[in-house]
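# A structural walkthrough
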Amino acid sequence: MSRIQALLAAMAIALTHSQPAQALTVYRIGGENLPPPEIGGEFEFVQIPWVDVDPLSHGLADLVDLTQDSIAPLQMDANVNLTPKIKGELGGNIQWLQWIGWAVHEETEAFMWDEDPVTAYLGDGHFASHNPAQKHLRFNLGGRFLIDRLEFYPREEHLEDRFIEKFLIGHSDGDPLKDGTRDITIRNRLGVDDYFVAVEIEENTRGHIVIPMPRTPIETILFKGFENTRGIWEIAEFEIYAVGFAPEAEYRTNVIDLGSPVNIGRVEWSGRVDHSAGVALSMHAGDDVDPNNYWRFTFRGDERSRFASNGSVINLRAYQSLETAEKAGITHDTENWDFWSTPYDFNRFIGDASSDRPRRYVRFRSLFTSTVDAGSEIEYVQFQTSVPLSTQTLAEITPSIASAGESTSFTYKIKPRLDENDPGFDGIEIGTPTMPAGIDAVRISGQDVPFEIVRMDSSGFALTLPRIDLQRTEELVEVDFRSQVFKFGTQFPGRVFDSDRPQEVPQQLTPGDADPLSDSDVLQVDLESLRVQRINSLEISSTVVTPNGDGINDEVTVSFDLLNLSGAVPSTIKLYDLGGRLVAQVLSGNSGSGSYRASWDGRGTDDEILAPGVYLLRLEVDSDQGMAQAMRSISVAY
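In this text, all values refer to a predicted model and were calculated from it rather than measured experimentally.

### A word on the packing of aromatic side chains
- Under the criterion given, the structure shown has 19 aromatic pairs.
- Geometrically, the ring pair formed by Phe410 and Phe481 is tilted, given 5.8 Å between the ring centres and 35 degrees between the ring planes. With Phe410 in strand β30 (residues 408-417) and Phe481 in strand β36 (residues 477-483), this pair connects stretches of sequence that are 71 residues apart.
- What makes Phe410 buried here is its relative accessible area of 1%.
- For Phe481, a relative accessible area of 0% translates into the label buried.
- Ring geometry for Phe560 and Tyr596: centres 5.4 Å apart, planes at 20 degrees, overall stacked. Note that Phe560 is positioned in strand β44 (residues 556-562) and Tyr596 in strand β47 (residues 594-600), a separation of 36 residues in sequence.

### A closer look at the sheet that holds strand β40 (residues 510-511)
- Sheet architecture is open: 6 strands sit in the order β33-β32-β36-β30-β28-β40, paired in mixed fashion. In this open sheet, the two edge strands, each paired with only one partner strand, are β33 (447-448) and β40.

### A few points about a nonpolar patch on the surface
- Together, Met435, Ile453 and Met456 line one region of the surface with nonpolar side chains, adding up to about 240 Å² of accessible area.
- With respect to the element layout, Ile453 can be found in strand β34 (residues 452-457).

### Quick notes on the confidence of the model for the protein chain
- Overall, the predicted model of the protein chain reaches an average pLDDT of 89, with 93% of residues at or above 70.
- Considering only residues more than four positions removed or in separate chains, one finds that residues 1-22, a stretch of pLDDT under 50, has 18 contacts.
- Contacts for the low-pLDDT stretch residues 126-131, under 50 throughout, to residues beyond four places or in other chains number 8 contacts.

### Considerations on a negative patch on the surface
- Together, Glu156, Glu157, Glu160 and Asp161 line one region of the surface with negative charge.
- Mapped onto the fold, Glu160 is located in the loop between β10 (135-153) and β11 (167-172).
- Take Glu160: its relative accessible area is 67%, and that puts it in the exposed class.

### A closer look at the nonpolar core
- Counting residues in each nonpolar core, the largest one holds 62 residues, and the members touching the most others are Phe139, Ile147, Phe152, Phe223 and Ile240.
- If one sorts the elements of this core by residue count, β10 sits on top with 7 residues.
- With 32 residues, the next largest nonpolar core counts Phe410, Leu463, Leu509 and Leu523 among its residues.

Conventions we followed
Residues numbered from 1 in each chain as written. Predicted model: local features only at pLDDT ≥ 70, side-chain atom pairs only at ≥ 80, totals over all residues. Heavy atoms only, no water. Phe/Tyr/Trp six-rings, centres within 6.5 Å; stacked < 30°, edge-to-face > 60°. Helix = DSSP H or I, 4+ residues; strand = E, 2+ residues; numbered from the N terminus. Buried < 20%, exposed > 50% of the residue type's maximum accessible area, 1.4 Å probe, protein only. Pairing = 2+ DSSP bridges. Patch = residues over 30% accessible without salt bridge, like charges linked within 9 Å, V, L, I, M, F, W, Y side chains within 5 Å. Areas by Shrake-Rupley, 256 points an atom, 1.4 Å probe, with all protein chains shown as cover. Salt bridge = Lys/Arg side-chain N within 4 Å of Asp/Glu carboxyl O. pLDDT = per-residue confidence, 0-100. Contact = heavy atoms within 4.5 Å. Lys, Arg positive; Asp, Glu negative; His and termini not counted. Charge placed at Lys NZ, Arg CZ, Asp CG, Glu CD. Core = buried A, V, L, I, M, F, W, Y, C linked by side-chain atoms within 4.5 Å.

If you want it as structure tokens, here you go:
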């Protein structure tokens, strides 16, 4: 895309955003060669290119290959020399060590990476008295790469007489947690840095030197050339070759202006992830164009300020223009922007937007992790928006503490505030950790009202009720239901919707003080005690299984509850005979906090019915707190 085309596209998007929000708008990032989405009814479609990355709009493409069709981590060609690309394409630098510290290379040193083997840097040991006796070069690659090899050599006519006898090659991945633990430390007046040693040679006699590098992510390479006992030495070219995908790459979209505060719907995407690679896709949303706060030192002690000397708030452009000594850091704007969401399960290709209220701005981030041969790719990211149903809708749940695994009666309280142009809603959707035991009542301003359950399953329920509109603005809506809680900090997210406009995006409920008479102002429920057993119960529908085909106890149901797990963990149910031999496996997989069921039909690992007798059924849960297990006996009879 040319600069003129990009400018016209940006103007078109800006013009679109300056108009009032349509009922439904679909945004697609990338996938420019795909047809528009097929959605019933009228909607506006906005296409945003992957290549439209502007650092001043908080966009970022770090070691990412950008095309119209997709983004992916850079894949390196082991035959392409990276050294000439360090300062430009890779965004790194090449420095040499002076007595005061590292400095940008001099013109004579550039002969080593000018891709001209006829020119050379001469290292004869006769350095100025204020420079180190050895030659130290630092190649900051601008990111982490898997380096295949280094090559350096003198001019062809000096392969036999101007080779370097003594040298050292070091490397670092830039991880500050490893500082001080590496093999060699380079000190200067401005600080220290350290490196793992890849190779140290003291009696080299070869002109063209090839150094294989360890297959570990490398960000910085150190070359330390010693004084040569043979006199003058030279390097015509110093070459760095990488292989495979960039181990770590990151892409961030520009801040996307949605035109006005809108409901942000579910996020969809398309792509692939190779085995042993990964993609962490996340989003956040905000109320202004900048997700950061910028600080400067005032030079009054350690005082920092978000304001420039002229009293204006510091923005990104102003921060970049500050002197280095003035820059006091960048922090996340927690007042106006959400934090990055938990990464989506990429292989599901769909996930809920993380914003808890209508927002005007949104941004997406993709973190790629790769190996030499395994990478990944995102074709597009797509989401929907629609006008808010109410200006603000606060919600809270009571009680906010429950007993683990027990059915508890909860009241979900909602306080809507509608302005003149808000369409209102007549539906409520509430997420629960398991199938609700029942929905008992719905009240508006304390009065019972009729309701209809339109969905109830293991993820929660949805119902319709008399319409909430301008006549009912700021009236308290209460929903009584019963559910179980299995984990500390269980979330009960909610949304409101308009059943007459099912195509449009439901509105997320904002946790807050919906009812001043209630102590709760959150949408999460804690357990009465953190000290709970991870396996809350293990029950068998019958202690005897009779797999004879008569329809009575031909199979049994195994039920169990898992509590307060930090995530999905390996869980198995296995059967053993009384001699301790494994004879059957009922369940194998990952399970999180919740209630589970599995069935067993009396068959063993060979799919044959087990011999009559007594067996031991064992549930094992391998969490970060260690192995938990529970056991029951069961008999096979026929």
